[in-house]
Structures are given as structure tokens and as C-alpha cells.
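Given next are the chains, with one letter for each unit.
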Amino acid sequence: MAEETTIVDLSAATDELLASAADSRAGRATRVFRAAPGGQLSQVMMALMAGRDLSEHDNPGEAMLHVLRGRVRMTAGADSWELGAGTHMVIPQHRHSVVALEDAAFLLTVVRGSR
């Protein structure tokens, strides 16, 4: 039996999430993708409206962030990085936060339990 393959149009999904985030009181929206049910690899597509943030939190495992649209700032301790559309970075293995400098959407890839 063949496994089901899911194809996602990231541009359309970004448009949908940004519209949902704009309508949300929290100014954010998410969509989760899993490589396999119960598996350790997942991706979270998130949209944040300008000025909204993900407050400081621990890294749940190996993680990478890819900005699809807009600009964000990642801060980890005294270090910070500004990322724009098309940029990609490994997320530091310690507490960090993300703030949207303008309406933004990004894809977070995480391998849980990899630390």
C-alpha cells in the first residue's frame, strides 16, 4: 500500500495564513505539517502580523526557520538576527524569541527530541 503524499502550494498557504492572522485577535495563525503520524519531524507554518511575537521559549529540538514573506527578528540572549523573505537559519539551541517587523510568514522545521 502506497503512503499518501501531500503537496502544498506554499504561496497560497502563506496568503491564507496571513489573512487568518489579520482576522485573529492574537494576530497570528498556524498550520502544522507532519512527515509521519507520531513521527519526530514536523513543520509549522506561522503568520504573524507586524509587531506580534512569539515570546521567549526553549528550542524543542533541532530546528530551522525559513522566512516566506515579510521580515522577522530572532533574538537569543544578547544576539539577534533580522531575516527577510527567502532567508533561512538554524535556530539556536537555547531560549529565543521571534517578533514580526512587518506582516510575516515563516516555516519552522523541527525534529523533536533531537537535543
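Anything mentioned here points back to the structure above.
Note that the coordinates shown come from a computational prediction; the quantities given were computed from them, not determined experimentally.

Focus: the overall build of the protein
Here's step 1: Tallying secondary structure elements over the protein gives 1 helix and 9 strands in all.
Here's step 2: Computed over its C-alpha atoms, the radius of gyration of the protein comes to 14 Å, within 12% of the 13 Å expected for a compact globule of 115 residues.
Here's step 3: For the protein, the spread of C-alpha atoms along the principal axes amounts to about 50 × 35 × 25 Å.
Here's step 4: A burial count over the protein gives 33% of its 115 residues as buried.

Description of the environment of threonine 109
Here's step 1: With respect to the helices and strands, threonine 109 occurs in strand 9 (residues 104-112).
Here's step 2: C-alpha separation for the pair threonine 109 and glycine 61, spaced 48 residues apart in sequence, amounts to 9.8 Å.
Here's step 3: Not counting residues up to four positions away in its chain, the partners in contact with threonine 109 are Leu41, Ser42, Gln43, Glu62, Ala63 and Met64.
Here's step 4: A polar side-chain atom of threonine 109 sits 2.8 Å from a polar atom in the side chain of glutamine 43.

Things to note about helix 1 (residues 10-23)
Within an α-helix, residues lying three or four positions from one another point in the same direction, as the helix has 3.6 residues per turn.
Here's step 1: With 14 residues, helix 1 extends 20 Å between its outermost C-alpha atoms, agreeing within 8% with the 20 Å of an ideal straight helix rising 1.5 Å per residue.
Here's step 2: Listed as buried for helix 1 are Ala13, Thr14, Leu17, Leu18 and Ala21. One side of helix 1 holds all its buried residues, which, seen down the axis, span an arc of 135 degrees. Residues of helix 1 that are exposed and point over 90 degrees away from its buried face: Glu16 and Asp23.
Here's step 3: Structurally, the start of helix 1 carries an N-cap: the backbone nitrogen of serine 11 is 3.0 Å from a side-chain oxygen of aspartate 9.

A look at the nonpolar core
Buried together is how nonpolar side chains tend to be arranged in soluble globular proteins.
Here's step 1: Core analysis: the largest hydrophobic core is formed by 16 residues, its most contacted members being Leu65, Val72 and Phe106.
Here's step 2: If you look at the next biggest cluster of nonpolar residues, it comprises 11 residues, including Leu17, Leu18, Met49 and Leu107.

Side note on the sheet that holds strand 3 (residues 53-57)
Here's step 1: An order of 3-8-5-6 is seen for the 4 strands of this open sheet, with the pairing classed as antiparallel. Both edges of this open sheet fall to strand 3 and strand 6 (79-84), since each of them pairs with a single strand only. Each neighbouring strand pair of the sheet contributes to a mean axis angle of 15 degrees, computed without reference to strand direction.

The rules behind these values
- Residues numbered from 1 in each chain as written.
- Predicted model: local features only at pLDDT ≥ 70, side-chain atom pairs only at ≥ 80, totals over all residues.
- Heavy atoms only, no water.
- Helix = DSSP H or I, 4+ residues; strand = E, 2+ residues; numbered from the N terminus.
- Rg over C-alpha atoms; globule rule 2.2 N^0.38 Å.
- Buried < 20%, exposed > 50% of the residue type's maximum accessible area, 1.4 Å probe, protein only.
- Contact = heavy atoms within 4.5 Å.
- Polar contact = N/O pair within 3.5 Å; in protein donor to acceptor, adjacent residues only side chain to side chain.
- Expected span 1.5 Å × (residues − 1).
- Arc of directions from axis to C-beta.
- Core = buried A, V, L, I, M, F, W, Y, C linked by side-chain atoms within 4.5 Å.
- Pairing = 2+ DSSP bridges.
- Axes fitted to C-alpha atoms, helices over the stretch in contact; angles between N-to-C directions.

So, to be careful, I would describe these as geometric facts and stop short of saying anything about function.
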